[in-house]
Amino acid sequence: MDFLVSSFAAALRLIGSFSPDVVDAVRTSLFVSAGATVFAALLGIPVGLLVGLSDFPLKRLVVTILNTLMAVPTVVVGLLGYGFLSRQGPLGVLGLLFTPTAIVIGGTLLAAPIVANYALASARGADPRIVPTALTLGAGRLRAVGTLVGEIRFGILAAVIAGFGRVVAEVGVAMMLGGNIRGYTRTMTTAIALETSKGEFSFGMALGIVLMTIALIVNLFLSFLQRR
Amino acid sequence: MTELYRLRSVTKRYGSNVAVDIDALTIDSGRLYTLTGANGAGKSTLLGILSFLLPPTTGELFYAGERIDWKSDSLMRCRRKVTLLHQSPYLFGGTVFRNVAYGLKARGIAGEATLRAVDRALETVGLEGFRDRDARELSGGEAQRAALARALALDPEVLLLDEPLANIDRETAVLLERVIASLPSRGTTVVMTTHDPDHPARLSGGSIVLDGGKVAPPRDPVPA
């Protein structure tokens, strides 16, 4: 027990002293997570709305695939990404492996299905009177859909936040595509894995506290939005 | 009176269920029609067709002499002449102003003209001073009035009302009925569904009765 208490105290000191390694990992994590979330939103929101608002053959299959993609393990995405981005892979010439960009790409693939599913659920749960009301007031189809998106904006925002939560907390993609390079691609999660294995438990715990705090803030915000 | 709508052999089916099956029906401009019939008689479906939101399964619909092509761009032009007020109207999030100005904005009208139109419409339904109120915080009667104001602000050729006087207090109902009854004098054609047997006689307009999706002969008004 003493070990945990002393590690916790040391972790708080590390956070309080703005240890450069802690700050670097936090900054990299937030940067790649924000980047991946933006691209996942650009990809996932239109897909979710399109599937949620339209009827087409095989829609159920598409929904099932989107649901399944949410559950894909991060290491599998990392593995696929590695296959594409490694020197022998089809995108190897781009030289993206072990760069923050590679983590952003992997994070986008991880978060996009989550964003799409949340957006889809929001679109399905939208009041069915919104579009007919907009149309009868003279809106075109595009404006009517825009109005619907505006009406379910909190659901859409929740989708984006859920996507961010997924990316910021994952370790597989960041480790396999980022390479855990200190000061460059080392994120909070990969730093925790590495430092703990080296016996630097208090350092891992410091990052764990920061990560938990971010996760807590994200989830509090998500709960707040879902109540609206 | 000139003929505004003409329906010819119009049907609307949902699977095997025939919601509307009308051989012939004409609606003249500048008149107020009550549309009556039992629940499930096809009243809301007919309003959906007349508002150009719901294409019929078969048949032809003419508006002001023009045959409606449900797949053409001209549908939007016709749709903008007609406004449907649903039985339980949806108010968009935001202020009453945003709601009432919505259709004007969709038509590219902005600025002072919008302000004037919104204020006039709100005044007509007795909601002066409600412009900046949160639409979601209105009472049922106020919401119904705001929705009517939203339709009136557009000064439509046709106003289709799906039971506008149901589920509101008597005072609001009297006010709305007075507003609705005055619309034909402004040149607006009104088609209003109702379950009130007194409305056809009291509103002194035309009467359309639906029975099982078909147009039935008008019933005699119930004696007071």
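### Overview of the environment of L61(B)
Residue and element names in this part refer to chain B. Along the chain, L61 falls in strand β4 (residues 58-63). Judged by C-beta crowding, with 22 C-beta atoms within 10 Å, L61 ranks as buried. Along the primary structure L61 and L25 are separated by 36 residues, whereas in three dimensions their C-alpha atoms are 9.6 Å apart. Contacts of L61, omitting those with residues within four sequence positions, involve L7, V10, I49, P56 and I68.

### Some remarks on helix α3 (residues 96-106) of chain B
All of the buried residues in α3(B) are V96(B), N99(B), V100(B), A101(B), Y102(B), G103(B) and L104(B). Just beyond α3(B), the residue with positive phi is G108(B), at close to 80°.

### Side note on the sheet that holds strand β5 (residues 66-67) of chain B
Residues and elements named next belong to chain B. Spatial ordering of the open sheet is given by β2-β1-β4-β5, a layout of four strands whose pairing is antiparallel. Here the strands that pair on one side only, and so sit at the sheet edges, are β2 (17-28) and β5. The pairing of strand β1 (residues 3-14) with β2 spans ten bridges and is antiparallel. In the sheet register, K12 faces β2, and the bridge partner there is V20.

### A word on unusual backbone geometry
All names here are of chain A. You will see that L58, though not glycine, has its phi angle at about 70°, which is positive. Of note, L58 is situated in the loop between α2 (20-53) and α3 (59-70). A residue is classified by how many C-beta atoms lie within 10 Å of it, and L58, with 9 of them, is exposed.

### What about the interface of chain B and chain A?
Accessible area lost on assembly of the parts is the figure often given for the size of an interface. Every contact between the two is made by 17 residues of chain B and, on the other side, 14 residues of chain A. Going through the elements one at a time, α2 (74-79), β6 (82-85) and α3 of chain B are the ones with two or more residues in the side of chain B that touches chain A. Top contributing element to the side of chain B that touches chain A by residue count: α3(B), with three residues. Looking at the side of chain B that touches chain A residue by residue, the classes come out as eight nonpolar, five polar and four charged.

### Considering the nonpolar core
Grouped together as the largest cluster of nonpolar side chains are 108 residues, with contacts concentrated most on V115(A), A119(A), A146(B), A149(B) and L160(B). With 15 residues, the single largest contributor to this core is helix α5 (residues 100-125) of chain A. Looking at this core, you find at least three residues from each of domain 1 (1-81 + 157-176 + 187-224) and domain 2 (90-155) of chain B. Residue contacts for A146(B): discarding those within four places in its chain leaves L91(B), V96(B), N99(B), V100(B), L127(B), F130(B), A135(B) and L138(B). Core analysis: the next-biggest nonpolar cluster, separate from the first, contains 14 residues, V22(A), A25(A), M188(A) and M205(A) among them.

### With respect to the pairing of strand β3 (residues 32-36) of chain B
All names here are of chain B. Taking burial as the measure, the five residues of β3 include five buried ones, the bulk of the element. Both β3 and strand β8 (residues 189-193) contribute to a ladder of four bridges, which runs parallel. In the strand pairing of β8, L35 is matched with T193. Where β3 and strand β9 (residues 206-211) come together, four bridges link them in parallel fashion. Residue pairing across strands places L35 opposite I208, the latter belonging to β9.

### Looking at the domain arrangement of chain B
All names here are of chain B. Each assigned domain of chain B is listed here: domain 1 (1-81 + 157-176 + 187-224) and domain 2 (90-155). Here domain 1 and domain 2 have C-alpha centroids that lie 24 Å from each other. Taken together, the contact between domain 1 and domain 2 spans nine residues of the former and eight residues of the latter. Ranked by the residues each element gives to the side of domain 1 that touches domain 2, the list is headed by helix α6 (residues 170-182), at three residues. Counted by class, the side of domain 1 that touches domain 2 contains five nonpolar, two polar and two charged residues.

### Some points on the packing of α5(A) against helix α8 (residues 153-169) of chain A
Residue and element names in this part refer to chain A. Contact geometry of α5 with α8 gives a least axis separation of 8 Å together with a crossing angle of 155°. Considered as vectors, α5 and α8 are oriented roughly antiparallel to each other. The crossing of α5 and α8 is right-handed. Where α5 abuts α8, its residues G107, L110, A111, I114, V115, Y118, A119 and S122 lie against G155, I156, A158, A159, V160, A162, G163, R166 and V167. Tallied by class, residues from the contact of α5 with α8 come to twelve nonpolar, four polar and one charged.

Cut-off values and rules
- Residues numbered from 1 in each chain as written.
- Chains lettered and ligands numbered in written order.
- Predicted model: local features only at pLDDT ≥ 70, side-chain atom pairs only at ≥ 80, totals over all residues.
- Helix = DSSP H or I, 4+ residues; strand = E, 2+ residues; numbered from the N terminus.
- Buried ≥ 20, exposed ≤ 12 C-beta atoms within 10 Å, placed from the backbone.
- Contact = placed C-beta atoms within 7 Å.
- Pairing = 2+ DSSP bridges.
- Nonpolar A, V, L, I, M, F, W, Y, C, P; charged D, E, K, R; others polar.
- Core = buried A, V, L, I, M, F, W, Y, C linked by C-beta atoms within 7 Å.
- Domains from an automatic or database assignment.
- Axes fitted to C-alpha atoms, helices over the stretch in contact; angles between N-to-C directions.
- Parallel < 35°, antiparallel > 145°, perpendicular 65-115°, else oblique.
- Left-handed = near helix turned anticlockwise from the far one by under 90°.

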